[in-house]
Amino acid sequence: GAGVSQSPSNKVTEKGKDVELRCDPISGHTALYWYRQSLGQGLEFLIYFQGNSAPDKSGLPSDRFSAERTGGSVSTLTIQRTQQEDSAVYLCASSPGTTHSYEQYFGPGTRLTVT
Amino acid sequence: SQKIEQNSEALNIQEGKTATLTCNYTNYSPAYLQWYRQDPGRGPVFLLLIRENEKEKRKERLKVTFDTTLKQSLFHITASQPADSATYLCALDHSGNTPLVFGKGTRLSVIA
């Protein structure tokens, strides 16, 4: 079946612009995660959605970052007033479980370059 | 906060040998530990999950061990093949109620 998809695959933007990254999770998965991966660094947790519960935003690095998940499915990560340090690969993952102990299925990522 | 160290950034091994990757953690013992494989330009792919009360888990040529005394997990690939070349990530989950913490990964190269 279809896996997790993300769009765009690459995004180049100028410093100060806003960007929106999209994630389509696997159908039926209640959990959705956003991560950031910089060169040579591990995956950095950003935000977690589980069903209709309030999202866990504890990993968002600043108030320029926000995310929504509409209808319990598609999610959008928005970065306002982008900075060069925001350049990274942004990964989305979905999971069938109701806790963090379940395996996660990752999308291919969006490579964001801020010039 | 939890800190994870994966034994080295890169590991080179001859085809047919057993590759052993290490994941060490500090502070509290995780309830679950997961291993993922990541190829260049791709998202991580789940491989194995081991619980704190399990000593060992196997899947085909893969084996994971979990030693809560040493605060360490070992990931073994037996009869390694060039197609096993990738970055392997370990990830820890304290209780199921906190997000996974990922290590930086070990880049494995299997040389024919």
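Below you will find a few notes about this structure. (Residues numbered from 1 in each chain as written. Chains lettered and ligands numbered in written order. Predicted model: local features only at pLDDT ≥ 70, side-chain atom pairs only at ≥ 80, totals over all residues. Heavy atoms only, no water.)

**Points about the overall build of chain B**
Along chain B, the regular secondary structure elements total 0 helices and 11 strands. Listing every helix and strand of chain B by position from the N terminus yields β-β-β-β-β-β-β-β-β-β-β. Against the 2.2 N^0.38 benchmark of 13 Å for 112 residues, chain B shows a C-alpha radius of gyration of 13 Å, consistent with a compact globule. Along the three orthogonal principal directions, the C-alpha set of chain B runs to about 40 × 30 × 20 Å. (Helix = DSSP H or I, 4+ residues; strand = E, 2+ residues; numbered from the N terminus. Rg over C-alpha atoms; globule rule 2.2 N^0.38 Å.)

**Re the side chain of B:D93**
As for its position among the elements, B:D93 is in strand β9 (residues 86–93). Discounting residues that sit within four places of it in the chain, B:D93 has contacts with A:H100, A:S101, B:P30, B:A31, B:Y32, B:T98 and B:L100. (Contact = heavy atoms within 4.5 Å.)

**So, the environment of A:P25**
Residues and elements named next belong to chain A. Structurally, P25 is set in the loop between β3 (19–24) and β4 (31–37). On the basis of relative accessibility, which here comes to 11%, the residue P25 falls in the buried class. Spatially, the C-alpha atom of P25 lies 14 Å from that of A67, the residues being 42 residues apart in sequence. P25 has contacts with V4, L32, R69, S73, V74 and S94, leaving out every residue within four places of it along the chain. (Buried < 20%, exposed > 50% of the residue type's maximum accessible area, 1.4 Å probe, protein only.)

**Section: the interface of chain B and chain A**
Taken together, the contact between chain B and chain A spans 20 residues of the former and 18 residues of the latter. A combined buried area of about 1,400 Å² lies between chain B and chain A, and 59% of that area is made up of carbon and sulfur atoms. Taken as a group, B:P99, B:F102 and B:K104 account for 33% of the area that chain B buries against chain A, more than any other trio of residues on that side. Linking chain B to chain A there are 0 salt bridges. Seen at the junction of chain B and chain A, the total is 5 residue pairs in polar contact (both at pLDDT 80 or more). Listing elements by their share of the side of chain B that touches chain A, those giving two or more residues are β4 (32–38), β5 (45–51) and β9 of chain B. If one sorts the elements of the side of chain B that touches chain A by residue count, β4(B) sits on top with 4 residues. Broken down by class, the residue content of the side of chain B that touches chain A amounts to 9 nonpolar, 8 polar and 3 charged. (Buried area = accessible area lost by both parts, 1.4 Å probe. Salt bridge = Lys/Arg side-chain N within 4 Å of Asp/Glu carboxyl O. Polar contact = N/O pair within 3.5 Å; in protein donor to acceptor, adjacent residues only side chain to side chain. Nonpolar A, V, L, I, M, F, W, Y, C, P; charged D, E, K, R; others polar.)

**Thoughts on the layout of surface pockets**
Counted as a void, the largest pocket has a volume near 880 Å³. Contributing elements (two or more residues each) for the lining of the largest pocket: β8 (88–95) and β10 (110–114) of chain A together with β1 (4–6), β9 and β11 (106–111) of chain B. Class assignment for the residues of the lining of the largest pocket results in 10 nonpolar, 19 polar and 7 charged. (1 Å grid on protein atoms, 1.4 Å probe; cavity = no way out; pocket = protein on both sides within 12 Å on 5 of 7 lines; lining within 4 Å. Points joined across faces, edges and corners; volume = space filled by probe spheres on them.)

**Observations concerning the sheet that holds β1(B)**
Residue and element names in this part refer to chain B. Spatially, the 5 strands line up as an open sheet ordered β1-β3-β8-β7-β6, and their pairing is antiparallel. Bordering the open sheet on either side are β1 and β6 (56–59), each of which pairs with just one other strand. Neighbouring strand axes in the sheet, compared pairwise and without regard to direction, differ in orientation by 15° on average. Direction of pairing for β6 relative to strand β7 (residues 62–67): antiparallel, over a ladder of 4 bridges. Bridging from a neighbouring strand, K59 pairs with L62 of β7. (Pairing = 2+ DSSP bridges. Axes fitted to C-alpha atoms, helices over the stretch in contact; angles between N-to-C directions.)

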